[in-house]
Amino acid sequence: MMIRHLSVVALALGFLVASFEGRVAAFPVDGDQTTLPPRTELNEDALDQPREVFRSEVAGEKSYLVNLGNLAFSSPGILGGVARQAGVSCGTCHVNGAGNAKFFMPKMSTRPGNFDTTGSLFNPKANNFVLDPVRIPSLRGARYLAPYGNDGRMASLHDFVRNVIVNEFAGPEPSLVMVDAIVAYIHDIDFLPNPNLGPGGRLIGRISDAERRGEALFMKPFPHDPGLSCAGCHVPSAAFVDHQQHDVGSGGLFKTPTLRNADFNAPYFHDGRFDGYDQVVAHFDRVFALGLSSQDRGDLVAYLTAVGDGTQPYEHDGAGAVLKEINDFTAVLGAAIPAQDKETIALAVDTIGSELRELTERYPDRKNTSVSGGQQERGLARTALKNMVLILRRIDIASTEDRFADAAAEYRNYRYLMAAAVPALLARAEPWSLFNPAVHDAHYAALRQVLQSKHVAH
């Protein structure tokens, strides 16, 4: 009965499949289908995504400016031509405001989790002719972590955001409002709560002996320089930073990174050279002649792990989570139409449309032999999403032609269908979607096999 009911809903909506066209997201395991270097890994097929905690949502509701910033952050449209063609946005590297430890781009990365911001791919004018990638940082708690950049070269997050858009990715000069919005979005991303930390950043609760000993070592002055200690730079009461740059024997002056939520921020150091805390502790022990015993090292690792923890760091990706973010983006469109803000309408339509097209591909079509069953459900889900893209196009066309009343009417229709029909159709098809781990694994195993055979053939 449910399938029949949804079929009637879909037909009644008048979905126009034949006229649907759009950019399909590149297979994330390999860059052969894009302008990106072959064997690029963007980790876009991950089923578990970093959890994003917004300060404003805890307080009540996200503002228009935060939603606009999130929209722009997720849009390749604010960057230069290569990034736009490849579908790369700020959110590609900083997934849900966290890092992307699996990101790897040949000729731009030396290992997963780092990226050369002064390479030639995205902006030849920025090329310094040296492969010097930096770690992709998490943006959680960024409002507490000035200065910005791994070397702390910019005191202002506003200036840093503009520099990334214009100089690193060759994007057009952004408006002041757009930069302000992105900064507002980044400022709104909170640290994950950590029940191990109490007032002043001290450990509380059921703490192990190793963690207690590690905390004491963290506070202890260095043997050969009593003016130095771990806590002297990673100040527990100040989000474990001191807002300064230091030379810790890694090849230059770099800012003190926070230890909050650092369990999920690997790789470590400015260039991502270390995979774990044990390697970090060993480096400091060697460079600063700390004379740590094996127990001391283990205790420090235990302490760093306790400090770097966070509640529910990941959440399973699903249609509901994707639709929630799309609805946040749609709120921007709802404000831009009555304001007759054509630039924001165009950006929102492009970004939301891209998100919807990518969501469509999470429901494989009937030609996909790696998925069996649910053909009708998958077909209805795909058709529903494609129709939403068509409605967005009509909004954009009406806006371009100054028919804002028509754009508003189309927007109301879009919102109605996204509330009344689309979630149910997607939920019905989810067992046969790429949100299902078994279907996901079979689908990507087949794609990997195809790609491997292509590389062997070449």
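Residues numbered from 1 in each chain as written. Predicted model: local features only at pLDDT ≥ 70, side-chain atom pairs only at ≥ 80, totals over all residues. Heavy atoms only, no water.

### Observations regarding the pattern of salt bridges
Part 1 of the reasoning: Within the structure shown, the criterion is met by 21 salt bridges.
Part 2 of the reasoning: Among the ionic pairs, Asp-271 bridges to Arg-273, the shortest N-O distance being 2.9 Å.
Part 3 of the reasoning: What you see here is one network of salt bridges that share partners, running through Glu-57, Lys-62, Lys-324 and Asp-328. (Salt bridge = Lys/Arg side-chain N within 4 Å of Asp/Glu carboxyl O.)

### Brief notes about the packing of helix α12 (residues 319-336) against helix α15 (residues 404-420)
Part 1 of the reasoning: Direction vectors running N to C along α12 and α15 enclose 160 degrees, while the axes themselves pass 12 Å from each other. Relative to α15, the element α12 is oriented roughly antiparallel. The hand of the α12/α15 crossing is left-handed. Of α15, the residues touching α12 (which contributes Leu-323, Ile-326, Asn-327, Thr-330, Ala-331, Leu-333 and Gly-334) are Tyr-411, Tyr-414, Arg-415 and Met-418.
Part 2 of the reasoning: Residues belonging to the contact of α12 with α15 are distributed by class as follows: seven nonpolar, three polar and one charged. (Axes fitted to C-alpha atoms, helices over the stretch in contact; angles between N-to-C directions. Helix = DSSP H or I, 4+ residues; strand = E, 2+ residues; numbered from the N terminus. Parallel < 35°, antiparallel > 145°, perpendicular 65-115°, else oblique. Left-handed = near helix turned anticlockwise from the far one by under 90°. Contact = heavy atoms within 4.5 Å. Nonpolar A, V, L, I, M, F, W, Y, C, P; charged D, E, K, R; others polar.)

### What about the side chain of Asn-70?
Part 1 of the reasoning: Structurally, the position occupied by Asn-70 is in helix α3 (residues 64-73).
Part 2 of the reasoning: With a relative accessible area of 2%, Asn-70 lands in the buried category.
Part 3 of the reasoning: Beyond its immediate chain neighbours, meaning those up to four positions away, Asn-70 contacts Phe-54, Lys-62, Tyr-185, Glu-325 and Phe-329. (Buried < 20%, exposed > 50% of the residue type's maximum accessible area, 1.4 Å probe, protein only.)

### With respect to the packing of aromatic side chains
Part 1 of the reasoning: Counted by the stated rule, this structure contains 16 aromatic pairs.
Part 2 of the reasoning: A centroid spacing of 6.1 Å and a plane angle of 70 degrees characterise the contact between Tyr-363 and Phe-435, whose relative ring orientation is edge-to-face. Taken together, the residues Tyr-363 in the loop between α13 (342-360) and α14 (375-400) and Phe-435 in the loop between α16 (422-429) and α17 (437-457) connect sequence positions 72 residues apart.
Part 3 of the reasoning: On the accessibility criterion, Tyr-363 (0% relative accessible area) is buried.
Part 4 of the reasoning: Exposure remark for Phe-435: the relative accessible area of 2% places this residue in the buried category.
Part 5 of the reasoning: The structure contains a cluster of three or more aromatic residues connected by ring pairs, namely Phe-222, Phe-269, Phe-274, Phe-284 and Phe-288.
Part 6 of the reasoning: The residue whose ring lies beneath Lys-62 is Phe-54, and the NZ or CZ to ring-centre distance is 4.0 Å. (Phe/Tyr/Trp six-rings, centres within 6.5 Å; stacked < 30°, edge-to-face > 60°. Lys NZ or Arg CZ within 6 Å of the ring centre and 35° of its normal.)

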